[in-house]
Every structure is written in C-alpha cells, then in structure tokens.
Amino acid sequence: MTDVTASSFVRQDLVPERRAPVKTTGLVGFIRTRLLNSPTNILLTILALGLLWYTIVPAFKFLLVDAVWSGKDRNACLAETAGRQVGACWPYIQAKLTQLIYGFYPEAERWRVNLTFVLAAVLLLPLLIPRLPAKGLNASLFFFAFPAVAFFLLRGGGLAGFGVSWVASLLQLFDDSVVNAGQALVNLSRSSAIGPLLWAVGNIIVLAGSLIGWLIFPLTWLREQLQMSGQPLWFDFLLTAAIVSLILFFLGGGMRTGQRALLGSLASFAGIAIVIKLMGLDRGGLPIVDTRLWGGLLVTLVVSVTGIVTSMPIGIALALGRRSTIPLIRIFSIAFIEFWRGVPLITVLFFATYMLPLFLPGNFNVDGLVRALIGIALFAGAYQAEVVRGGLAAIPRGQGEAASALGLSWWKTTSLIVMPQALRHVIPGLVNSFIALFKDTSLVSIVALFDLLGSLHATFSDPTWSTPTTAFTGFAFAGMIYFVFCFGMSRYSLFVENRLNAHRRH
C-alpha cells in the first residue's frame, strides 16, 4: 500500500485552457469555410466582390439614389433642371404604366383585364399551396372554366350557338374543304400533262365530299332548326347537355355506376348556364375589343400562360407517342418533334401569322393572336416532349412490369405509376422551359403584337418623356418584371422538387 500511495500522482495546478474551436456555422463560419478556405477561393471572392462593386453599386445609385421620383414631363428628368446627375426617371414609368400593362386596351373596359387577373390569382394560388383541399375542383376551374371566361372577358362578344351548332359547323367546314380541294384538282387537270389522273382523283374527292355532306345532313339540318327557333342558344345548350350527359352516363356504367358521371355532367352544365347568364352571352355579351388593341403585360401573360398550359399535354402526348410500339404513331411523333425543334420560333410566328391564312378556306378566319398562340403551343410542346421523354427513360423497367403483374392496364400504369415519377424527375427541365418560353414571348412583337417590351418600345416615341435616361429606366423596369416572374417560378419549382423528393433526404 505504501508503494502504491507513493507512486500515485495528483496534479497540483489547473490544466491550461484549450483554444476555442473554429466556428463553422453562421455568417462567420460561411465566410471561413466557403469563401476564404483556400488561396483560390480567396482570389475568386475578391474578384466577385469587385464585380459586384462595379455593377450593383452603380445600379443601386442609378435606380434609387440619383433617381427622379416626381414630375410631369421630361424637364423633371433633365440634369439642367435638377441641377445634379440624374438617374432613373420614374415619373416616366408612372405616366406610361397603364400602357405597359394594358397596351391600347380601351380605358373604359380595363376593369375586364383587372377582373381577369384577379380570377387567375384566386384560382392559381390555391393550386400552389399543397395543404389546401379540393385540388381536383380547383384544377378543373383553372384549366377548363377560366380560359373560356377569360376569353369572353378580354375579347367580349356573345354566343349564337352551342355544342350541336359548333360540331355541325366544323363538320361542314371540313366537308367544304374536301369538295373545294377536289374541284381544284379538276380545274387543274385542264392544263396539266397528267390531266386524266388529276381529273379522276379530283372527282373521287368531290364524291367523298358529297358522301360526307349526306352523312352530316341530319346534324346541319338540326342546326338550321335551332337557329330558326326563338332562343337558339338555350335550345342548343339544353340539347348538348342532354346528349353529353347521356353519353357520360352510359360510359360510366349506366344504371349501375353511371349516376355519379351524370350528376357531375349536369352540375357542370348548370355552372356553364350560370356563367352565360351572368356575362350576358345570350344577349351579345360585353363589347368586343379587337386583339390588335391588346398589349403590354396583358399580352405577355396571355401568350406565356397559354403556351405553358397547352404545351404540357402536347409534350406528354408526343413523348409517349415517340416511345410507342405502333410504327405510325412513333414516326409521326418523331417527325413532329424534329420538325418543330429544327425551326426557329421567329419562323413559326411568321408562318402562323402570314402564311397560315393562305391554307385556310376563304370563309374561315383565325384571329392573329390565336394564330400566334397555336404556333407557340406547338413549338413549346415539341421541346417539352423531349424533356418528358428524358424522365420516362429514367424510370426503371421494373416499375411497369410490377404494375402489369398487378393487373393494371397500360393507361393506369402510365397515369398512376410511370408518368408521376417521370415528371418528378424532370421538374428542373420543365421549369427551365417555362422560364425560357416566358422570356421568348417578346418575339411576338415582330408580328405586330405589342407585348411588354413592344409597348415599352412604343413609349419611347413620345417626345414628352424623351430624355437620356428614359430608355434605361424603361428597360430596368421591364427587367424587374421579368425577374419577378422568372425567379418566382424558379423558387417554386425548388419547393415542389424538395417536397416530392422528401424520401431521398433520409
């Protein structure tokens, strides 16, 4: 015991304090570990700070410090009048704000544009918030009901008929086109070296058109009877509602399980009837505002939203068609995608605006804005098809095989198993295409459609606000608007991506 006690050691003084650990969290930790952790990063940080100093500081000074905030004309934004260096001329934006938003839309009717914007926001925001209920009803209202309401709000006009009359008119237009094509071949045979062949083909086409005319005669006769009635719209509406409801009833299972489809159809037509009555579409509707008067942010949003919404189903259909085992569908999808991807958007807009009317029948006319919307939708759909196809290629083959082993059909396998996973994989690519399309809407100005940038250029011709800083102020304001929309889409896509990929974070 004595030896053990003697050999034990008891420290007589305190252990010196250790140095505090290097901080790796917070702002100081971020600077130490991300910006100044190596000589290369230190040099890059210095260069980045210098670049920010020579770009952000002058922009801040131009937009806020040296800016002019009040005035009635160009004199307020001149250095001689202000007695100092003048930056942004914000009175010019205040004076031209309505033109930048509405274009040349009549001032007395601009409440219709405002109401359209409000309805879009009210229907879109609940779709973007995941926890809110009734997503199916909300999506139906936004994607199907809202476009029709927005069309009659923005353009105006009323309805002279409904489903039966529309179908009859389209079929008769198709029949007239077939007969005219046959007559054109017959006339061409009189001065052609292969006249007998053209004459025979032309007469066969005319005969086919006559047969089509006899087949659709009951429908065209019914349309004429409806037009001669006292209330053609409402009689046509009731007949269309009855036909569609009965079809959905029998397709839904008849007396066994078709009641739900029948009630849903009747409720939808009841809602359509309420909208028709409230907007007075049976009495001519609102005053018509020609699309040539539209402009500014209104045209930018109409073109971009329509292009984004319509390009998605087109892209999904083409992506599935390109992977189809049916040769005709696959070849058509590949040819469609490669054609539209190989043509510049400017060419598409020129063709849709100036050449498409040459291929239409003489009594059929399509509005210029609608032609541009169709061209943009097809163009964007081809690009979306390749993005979606990349997502489909990333899905393991076992997913479809497992669904087939469970007895699911191809439609259910695609809609419930394959497509949701594919779209989740390509969210960044889809949103990137949306952002590019939103910015490419400025190209419509070359076909006489004044979007935000087109309206901005039109304001430069006003001598009342002609100053050295007017153009810079206008482009800065337009850039802010584009940045808000594009940055908002980018951040929301990150939110959706993180929410859908929560299982990969663990």
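These figures come from a predicted structure and were not determined experimentally.

The rules behind these values
Residues numbered from 1 in each chain as written. Predicted model: local features only at pLDDT ≥ 70, side-chain atom pairs only at ≥ 80, totals over all residues. Heavy atoms only, no water. Disulfide = S-S within 2.5 Å. Helix = DSSP H or I, 4+ residues; strand = E, 2+ residues; numbered from the N terminus. Buried < 20%, exposed > 50% of the residue type's maximum accessible area, 1.4 Å probe, protein only. Phe/Tyr/Trp six-rings, centres within 6.5 Å; stacked < 30°, edge-to-face > 60°. Patch = residues over 30% accessible without salt bridge, like charges linked within 9 Å, V, L, I, M, F, W, Y side chains within 5 Å. Areas by Shrake-Rupley, 256 points an atom, 1.4 Å probe, with all protein chains shown as cover. Salt bridge = Lys/Arg side-chain N within 4 Å of Asp/Glu carboxyl O. 1 Å grid on protein atoms, 1.4 Å probe; cavity = no way out; pocket = protein on both sides within 12 Å on 5 of 7 lines; lining within 4 Å. Points joined across faces, edges and corners; volume = space filled by probe spheres on them. Nonpolar A, V, L, I, M, F, W, Y, C, P; charged D, E, K, R; others polar. Expected span 1.5 Å × (residues − 1). Contact = heavy atoms within 4.5 Å.

## Considering the state of the cysteines
Here's step 1: Taken as a whole and judged by the stated rule, the model has one disulfide.
Here's step 2: The disulfide partner of Cys 77 is Cys 89, and the S-S distance across this bridge is 1.9 Å. The chirality of the disulfide connecting Cys 77 with Cys 89 is right-handed, given an S-S dihedral of about 70°. Of this pair, Cys 77 sits in the loop between α3 (39-65) and α4 (79-82) while Cys 89 sits in the loop between α4 and α5 (90-102), placing them twelve residues apart in sequence. Taken individually, Cys 77 and Cys 89 each receive the classification buried, so the pair is uniform in this respect.

## Some remarks on unusual backbone geometry
Here's step 1: A positive phi angle, near 55°, is found at Ala 134, a position not held by glycine.
Here's step 2: Structurally, Ala 134 can be placed in the loop between α6 (110-128) and α7 (135-154).
Here's step 3: Positioned with a positive phi, Ala 448 is a non-glycine residue whose angle comes to about 65°.

## Looking at the packing of aromatic side chains
Here's step 1: As enumerated under the stated definition, the model contains 23 aromatic pairs in all.
Here's step 2: Judged by centre distance (5.7 Å) and plane angle (75°), the ring pair of Phe 237 and Phe 269 falls under edge-to-face. Taken together, the residues Phe 237 in helix α11 (residues 232-251) and Phe 269 in helix α12 (residues 259-279) connect sequence positions 32 residues apart.
Here's step 3: Using a relative accessible area of 4% as the deciding quantity, one classes Phe 237 as buried.
Here's step 4: Judged by centre distance (5.6 Å) and plane angle (65°), the ring pair of Phe 460 and Phe 475 falls under edge-to-face.

## Some thoughts on a nonpolar patch on the surface
Here's step 1: Taken together, the side chains of Ile 346, Phe 350, Phe 351, Tyr 354, Met 355, Leu 358 and Ile 446 make up a nonpolar region of the molecular surface, amounting to roughly 660 Å² of accessible area.
Here's step 2: Along the chain, the position of Leu 358 falls in the loop between α15 (345-355) and α16 (368-393).
Here's step 3: Judged by relative accessible area, which is 66%, Leu 358 ranks as exposed.

## Here we look at the layout of surface pockets
Here's step 1: Reported here for the second largest pocket is a volume of approximately 530 Å³.
Here's step 2: Lining the second largest pocket are 20 residues, and of these Leu 320, Arg 323, Trp 410, Thr 414 and Val 418 sit closest to its centre.
Here's step 3: Those elements that provide at least two residues to the lining of the second largest pocket are α13 (297-322), α17 (397-405) and α18 (410-425).
Here's step 4: Residues belonging to the lining of the second largest pocket are distributed by class as follows: nine nonpolar, eight polar and three charged.

## Concerning helix α21 (residues 470-500)
Along an α-helix, residues three or four positions apart point the same way, because every turn accommodates 3.6 residues.
Here's step 1: For α21, which comprises 31 residues, the first-to-last C-alpha distance of 45 Å matches the rise-based estimate of 45 Å (1.5 Å per residue) to within 8%.
Here's step 2: Within the span of α21, buried status applies to Thr 470, Thr 473, Gly 474, Phe 477, Ala 478, Ile 481, Tyr 482, Cys 486 and Ser 493.
Here's step 3: Tucked into the core, α21 has its buried residues touching α3, α5, α13, α19 (427-440), β2 (450-451) and α20 (452-459).

## Side note on α11
Here's step 1: Over its 20 residues, α11 runs 28 Å from end to end, which matches the ideal 28 Å to within 8%, given 1.5 Å per residue.
Here's step 2: Of all the positions in α11, only Leu 233, Trp 234, Asp 236, Phe 237, Thr 240, Ala 241, Ser 245 and Phe 249 are classed as buried.
Here's step 3: Just downstream of α11, Gly 253 is the residue with a positive phi angle, here 125°.

Everything listed here is a matter of coordinates, which is why it stays silent on function.
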